[in-house]
Amino acid sequence: MRAIELQSFSVDALKMVERPDPTPKAGEVLVRVKACSLNFRDWLMALGQYNPKQKLPLIPVSDAAGEVIAVADGVTGFKPGDRVLGHFFPNWQSGEPSVAKFAISMGGPFDGWLCEQRCFPASALAHIPDHLSYEEAAALPCAALTAWSAIVTLGRVQPGERVLIQGTGGVALFALQFAKLAGAEVIMTSSSDEKLARVKAMGADHGVNYKADPHWGRTARALTGNAGLDHIVELGGAGTLMQSIRAIRPGGTISMIGVLSGPSNDLQIPLVVMQQVRLQGVTVGSKEGFDAMLRAMTLAQLKPVLDDRFDFSEAGVRAAFRHMGSGSHFGKIVIALT
């Protein structure tokens, strides 16, 4: 089979290679990969910034969807021809996370999905909802489940609550969809007025341009009558956290997901303590949460927002990664293998 390997830490080191066709072991399913999607994590991995100690070569990319080719002994619930997608943490089936449940993750430290065939534990696969294409399904495993965990599983957002979501990348747009599904009022931030117009067309109630308004936390709080946000999906990291702390209500929750803005020393811990703010880290989610999210998306007929499509070639994959790094995308970047 053909596969893309990351052979050193550089986008130019994404190389097409030939690898032996995989053979499923007991409990595994052999999948013909139809589409992959990129996450910011994949970009950082390619640059060596996510895990500088990552062993190479590595088949990158955490998210994919495909068709079952064969099933091994002990597999039930899947058969050749089924359309499937894989869970990011194969060991995390349910319950709280643990070292053991975090031990295996796709696209680093273990080989990911940017290849023509992949064996995967049946217990970590899910059927693709009928209303989604392979490319749409490939957009779900990391970004969608992370947003679902932030809004639903951990955030427990209720109808009428006020939610602020940073940015317009994959996680942010899924968070918008799930927050509106929960009946929340949503404020989105972006550096682009054009992107803010697009999220408003998707159902966002308010938009704040953080580039034009560096004190956007105060502006967002004013939109709530100065009561503060019930929940903030924090995708910027340390560089934006102070504004989130200023925007959140006493007792509110900030879901910490991203590190897009880099480090900052402007963090005032006393405000967290005095307002009894909950800082909740979010790292994707369990297979149980994944299945619940897919059921909800099926009932609501929700579809992901796709940005651009690239082909499965060295040039196409490198272009897809550079597009991710540019930050110009709106929604998920897809690599199609068919």
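Remember, predicted model here, so these are calculated numbers, not experimental data.

Draft legend 1. Quick look at the overall build of the protein. Helix and strand counts for the protein stand at 11 helices and 15 strands. Its C-alpha atoms give the protein a radius of gyration of 20 Å, within 12% of the compact-globule value 20 Å for 338 residues. Overall size of the protein, expressed as C-alpha extent along the three principal axes, is 60 × 40 × 40 Å. In the protein, buried positions account for 54% of the 338 residues. Contacts spanning at least 24 positions in sequence make up 71% of the contacts within the protein whose residues lie at least 6 apart. Of the roughly 14,000 Å² of accessible surface on the protein, 53% is carried by carbon and sulfur atoms.

Draft legend 2. View of the sheet that holds strand β10 (residues 206–209). A sheet is described by the order of its strands in space; here 6 strands give the open sequence β10-β9-β8-β11-β12-β13, paired in parallel fashion. Each edge of the open sheet is held by one strand with a lone partner, namely β10 and β13 (278–281). Along the sheet, successive strands turn relative to each other by an average axial angle of 20°, direction set aside. Summarising the sheet, strand β9 (residues 185–190) and β10 pair through 4 bridges and their orientation is parallel. Of the residues in β10, the one forming a bridge with Ser190 is Asn209. Sheet strands touched by helix α8 (residues 238–247): β8 (162–166), β11 (229–234), β12 (248–256) and β13. Its angle to β12, the strand with the most contacts, is close to 145°.

Draft legend 3. Spatial organisation of the environment of Leu271. Residue placement: Leu271 occurs in helix α9 (residues 269–274). Between the C-alpha atoms of Leu271 and Trp216, which are 55 residues apart in sequence, the distance is 17 Å.

Draft legend 4. Spotlight on the pattern of salt bridges. Throughout the structure, instances matching the rule amount to 14 salt bridges. We note a salt bridge from Glu67 to Arg32, for which the minimum N-O separation is 4.0 Å. Residue Glu67 is located in strand β4 (residues 63–71), and its partner Arg32 is located in strand β3 (residues 28–37); the two are separated by 35 residues in the primary sequence. For Arg32, a relative accessible area of 35% corresponds to the partly exposed category. Notably, a salt bridge pairs Glu135 with Arg309, separated by 2.6 Å at the nearest N-O pair. Of this pair, Glu135 sits in helix α3 (residues 134–138) while Arg309 sits in strand β14 (residues 306–311); the two residues are 174 residues apart in sequence, bridging distant segments of the chain. Connected through shared salt-bridge partners, Glu5, Arg19 and Asp111 make up one network.

Draft legend 5. Spatial organisation of the side chain of His87. On the secondary structure map, His87 appears in the loop between β5 (83–86) and α2 (99–102). Engagement of the side chain of His87 in a polar contact is seen with the backbone oxygen of Phe89, the distance being 3.1 Å.

Draft legend 6. A look at the side chain of His329. Examined against the element boundaries, His329 turns out to sit in the loop between α11 (314–326) and β15 (332–336). With residues near it in sequence (within four places) discarded, His329 still touches Thr168, Lys195, Asp307, His323 and Met324.

Draft legend 7. Spotlight on the state of the cysteines. As enumerated under the stated definition, the model contains 0 disulfides in all. Not engaged in a disulfide, the cysteine Cys36 finds its nearest cysteine sulfur in Cys115; these two sulfurs lie 7.2 Å apart. The class for Cys36 is buried, based on a relative accessible area of 0%. Looking at the unpaired Cys119, the closest cysteine sulfur is the one in Cys115, lying at 9.5 Å.

Draft legend 8. Here's a closer look at the environment of Ala336. Inspection of the secondary structure assignment puts Ala336 in strand β15. Those residues in contact with Ala336 that sit more than four places away from it in its chain are Lys34, Ala35, Glu135, Arg309, Phe310, Asp311 and Phe312.

Draft legend 9. Examining the packing of helix α1 (residues 40–47) against α11 more closely. Closest axis-to-axis distance for the α1/α11 pair is 9 Å, and the angle between their directions is 110°. Comparing their axes, α11 and α1 come out roughly perpendicular. Where α1 approaches α11, its residues Phe40, Asp42, Trp43 and Ala46 are matched on the opposing element by Phe321, Arg322, Met324 and Gly325. Split into classes, the residues belonging to the contact of α1 with α11 amount to 5 nonpolar, 1 polar and 2 charged.

Draft legend 10. Layout of the pairing of β14. In this sheet, β15 lies alongside β14 in parallel orientation, the contact comprising 5 bridges. Residue pairing in the sheet places Leu306 in a bridge with Lys332 of β15. Chirality of the crossover, the property in question, places the unit of β14, α11 and β15 among those that are right-handed.

Draft legend 11. Quick peek at the nonpolar core. One finds Leu114, Met188, Met293 and Phe321 to be the most contacted residues of the largest nonpolar core, which totals 87 residues. Those residues in contact with Phe321 that lie beyond four places of it in its chain are Val11, Leu14, Leu38, Asp42, Trp43, Ala46, Pro60, Val61 and Leu114. The next biggest cluster of nonpolar side chains, apart from the first, holds 16 residues, and it includes Ile187, Val208, Leu229 and Leu241.

Reading guide: rules and limits
- Residues numbered from 1 in each chain as written.
- Predicted model: local features only at pLDDT ≥ 70, side-chain atom pairs only at ≥ 80, totals over all residues.
- Heavy atoms only, no water.
- Helix = DSSP H or I, 4+ residues; strand = E, 2+ residues; numbered from the N terminus.
- Rg over C-alpha atoms; globule rule 2.2 N^0.38 Å.
- Buried < 20%, exposed > 50% of the residue type's maximum accessible area, 1.4 Å probe, protein only.
- Contact = heavy atoms within 4.5 Å.
- Areas by Shrake-Rupley, 256 points an atom, 1.4 Å probe, with all protein chains shown as cover.
- Pairing = 2+ DSSP bridges.
- Axes fitted to C-alpha atoms, helices over the stretch in contact; angles between N-to-C directions.
- Salt bridge = Lys/Arg side-chain N within 4 Å of Asp/Glu carboxyl O.
- Polar contact = N/O pair within 3.5 Å; in protein donor to acceptor, adjacent residues only side chain to side chain.
- Disulfide = S-S within 2.5 Å.
- Parallel < 35°, antiparallel > 145°, perpendicular 65-115°, else oblique.
- Nonpolar A, V, L, I, M, F, W, Y, C, P; charged D, E, K, R; others polar.
- Right-handed = clockwise from strand over helix to strand, strands pointing away.
- Core = buried A, V, L, I, M, F, W, Y, C linked by side-chain atoms within 4.5 Å.

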